[in-house]
Amino acid sequence: MMRAPRLLPLWLGASLLSRGLAAQATDSVPPERLAARQWYRDAKFGMFIHWGVYSLLGQGEWVMQNREIPVGPYEWLAGTFNPIKFDAREWVSVAKAAGVRYITITSRHHDGFSMFATKATRYNIVDWTPFKRDPLKELADECHRQGLKLFFYYSQLDWHHPDYWPRGGTGHKTGRPENGDWSRYLDFLDSQLTELLTNYGPIGGIWFDGMWDKPSPDADWRLPRTYALIHRLQPAALIVPNHHQAPLPGEDVQTFEQDLPGANTAGFNTEEIGRLPLETSLTMNDSWGFNITDRRYKSVPELIRYLVKAAGRDANLLLNIGPRPDGTIPPEAEERLRELGRWLTTYGGSIYGTRRGPISPRDWGVTTERGDTVFVHVLDWPDRVLALPTLGARVVGARMFATGERVEVKQSETGVVLTLPAGRQTSGAEDPDRVVVLTVEARRK
Ligand code: FHN
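Report follows, based on the coordinates. The model shown is predicted, which means the values in this text are computed figures rather than measured ones.

**A look at the pattern of salt bridges**
Item 1. One pass over the structure, following the stated rule, counts 19 salt bridges.
Item 2. Residue Glu 68 is joined to Lys 173 by a salt bridge in which the shortest nitrogen-to-oxygen separation is 3.4 Å. Of the two residues, Glu 68 sits in the loop between α4 (63-66) and α5 (71-78) while Lys 173 sits in the loop between β3 (149-155) and α9 (182-198), which places them 105 residues apart along the sequence.
Item 3. Looking at Glu 68, the relative accessible area reads 44%, which means it is partly exposed.
Item 4. For Arg 145, the salt bridge identified is with Glu 142, shortest N-O distance 2.9 Å. Of the two residues, Arg 145 and Glu 142 are both situated in helix α8 (residues 135-146); the distance of three residues between them amounts to about one turn of the helix.
Item 5. Overall, the relative accessible area of 55% leaves Arg 145 in the exposed class.
Item 6. Each member of the salt-bridge network shares a partner with another, and the members are Asp 187, Asp 190, Arg 222 and Arg 225.

**Concerning the site of the ligand**
Item 1. Neighbouring the ligand are 15 residues; His 50, Glu 61, His 110, Asp 209 and Glu 257 lie closest to it.
Item 2. One of the side-chain nitrogen or oxygen atoms of Glu 61 is found 2.5 Å away from an oxygen atom of the ligand.
Item 3. Between the ligand and His 110 there is a distance of 2.8 Å, counted from an oxygen atom to a side-chain nitrogen or oxygen.
Item 4. Computed on the free molecule, the ligand has an accessible area of 330 Å², of which 96% lies beneath the protein chains in the complex.

**What to know about the packing of helix α11 (residues 300-311) against helix α12 (residues 331-347)**
Item 1. Interhelical geometry of α11 versus α12 gives an angle of 55° and a closest axis separation of 10 Å. Put simply, α11 runs oblique to α12. Taken as a pair, α11 and α12 cross one another with a handedness that is right-handed. Residues Val 300, Leu 303, Ile 304, Leu 307 and Val 308 of α11 form the contact with α12, whose participating residues are Arg 336, Glu 339, Leu 340, Trp 343 and Leu 344.

**Section: the nonpolar core**
Item 1. Counting 95 residues, the largest nonpolar core has Ile 103, Phe 152, Ile 206, Trp 221 and Leu 319 as its most contacted members.
Item 2. With residues up to four places along the chain from it excluded, the contact list for Phe 152 reads Ile 105, Ser 107, Leu 136, Leu 196, Tyr 200, Ile 203, Gly 205, Ile 206 and Trp 207.
Item 3. Formed by 19 residues, the second largest nonpolar core is a distinct cluster that contains Ile 359, Val 374, Met 400 and Leu 418.

**Some points on the sheet that holds strand β9 (residues 355-356)**
Item 1. Judged by pairing direction, the sheet is antiparallel, and its five strands sit side by side in the order β9-β10-β11-β16-β13 without closing on themselves. Every other strand in the sheet has two partners, leaving β9 and β13 (395-400) as the edge strands with one partner each.
Item 2. The pairing of strand β11 (residues 373-378) with strand β16 (residues 434-440) spans six bridges and is classified as antiparallel. Looking across to β16, one finds that Val 374 is bridged to Leu 438.
Item 3. The strands that α11 touches are β9, β10 (365-370) and β11; relative to β10, the one it contacts most, it runs at about 55°.

Definitions and limits used
As a convention, each chain's residues are numbered from 1 in the sequence order in which they are written. In keeping with the predicted nature of the model, local features appear solely for residues at pLDDT of at least 70, side-chain atom pairs appear and are counted solely at 80 or more, and the whole-chain, interface and lining totals rest on all residues. Just so you know, side-chain values use all the structure's heavy atoms and leave hydrogens and water out. One speaks of a salt bridge when a side-chain nitrogen belonging to Lys or Arg is within 4 Å of a carboxyl oxygen belonging to Asp or Glu. Secondary structure counts use DSSP, requiring at least four H or I residues in a row for a helix and at least two E residues in a row for a strand, with both numbered from the N terminus. Partly exposed describes any residue whose relative accessible area lies between the buried limit of under 20% and the exposed limit of over 50%, with all areas from a 1.4 Å probe on protein chains only and scaled to the type maximum. The near set for a molecule or strand comprises every residue that places at least one heavy atom within 4 Å of it. Two N or O atoms form a polar contact when they lie within 3.5 Å of each other; inside protein one atom must be a possible hydrogen donor and the other a possible acceptor, and for residues adjacent in sequence the pair counts only when both atoms belong to side chains. Calculation of accessible area relied on Shrake-Rupley with a 1.4 Å probe; when residues are assessed, cover is drawn exclusively from the protein chains displayed. Angles run from 0 to 180 degrees between N-to-C directions of axes, and those axes are lines fitted to C-alpha atoms, restricted for helices to the stretch in contact. In what follows, roughly perpendicular refers to angles from 65 to 115 degrees, roughly parallel to angles under 35, roughly antiparallel to angles over 145, and oblique to any angle outside these ranges. Crossings are sorted by hand: turned counterclockwise from the far helix by less than a right angle, the near helix makes the crossing left-handed, and turned clockwise it makes it right-handed. By the convention used here, residues are in contact when the closest approach between their heavy atoms is within 4.5 Å. Nine residue types can take part in a nonpolar core, namely buried Ala, Val, Leu, Ile, Met, Phe, Trp, Tyr and Cys, and a core is a set of them joined through side-chain atoms within 4.5 Å. Following DSSP output, two strands are said to pair if at least two bridges run between them.

Here it is as structure tokens:
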């Protein structure tokens, strides 16, 4: 029998052990999946895509709930979805130019409309719309061709399915009958997941969302059965659950929404960080799905800094775009993606394949590391002189990442003082991240 770690209150220790943390330790994870987790940790940057029937109304993906649209009119709307300008090759080319290593796309959002060919319901893009094509198949084929991994976002919450009963916190104004068969609903989920894991070639994994609508243990989501199904069908597919709790058994990634790991400014996340690979998802403006009036796009320097701050916390950034209903990517989003890609062409070596560095995140910035190289990312610091705590190893070389200019180093037992070259002295719009490369004598870990 396992014992609660010392120094924790007994109740907290017992709760942690019974939930995620103990589960992670005792999980038996096959080598394919361990390798996929390592790949995932190295990837650092992904593109999130929220696209569906809701894009037609240009008010975000929650429009059915927010505007109290009943199932009938929404079904009619779905029947008009015809994104004739959708071009998988174009989307994947933009993603490649941005420097992302994977794409996560909504296969089915809370509106319950399947954006892929499915035999489990006629309410899907091939059978219900004039478009008649399966965009996820086209995207999967193109991702395979261009060497990106594809993950499927899958909503467990459903505002359309009659068997999503008893209801959770949302979806009450849809005009559905006040009854349903919960286990039939879960069978439906499993049959769709089986399709997603068999008809699209090897996929990166499933990104679950919406379980928070009916949190467990109040609702039995049959997670062990569903997770086992996924891992049986594709042993290397990762399970990324956005349930806003600490990781549960069988899960592979801990994802945070609109916040860096451990932070909870958005009010969604747990502050508890487990031992799984980490990810943080972020909107590029203030919306996930296409929102025609949302102009609050983050600037390129802001986005670069977010990516760097995530890397300094060992997390990937999953940056969202909301394509338009005709299938095109909003130009504001595409421009920003291309700019990020330009920045990564220079600085990618200090991000991809790194882990969080020896110094924990500070107000001035973060550190990342690979082998005996430490990258000091100076994000917000007005001076040339920067004092660091000890790195646990002697620094034997220091230079600026982009220019190779020498950086002066003074070391003592208490730390390292860097003097950055003259020139751009602050990290600003032109230079959102001054990156210093330190070579250290021996591995600290
Ligand atoms: O309700 C969804 C929302 O529409 C969006 O998909 C985000 C993405 O992380 N997740 C949910 C809120 O937690």
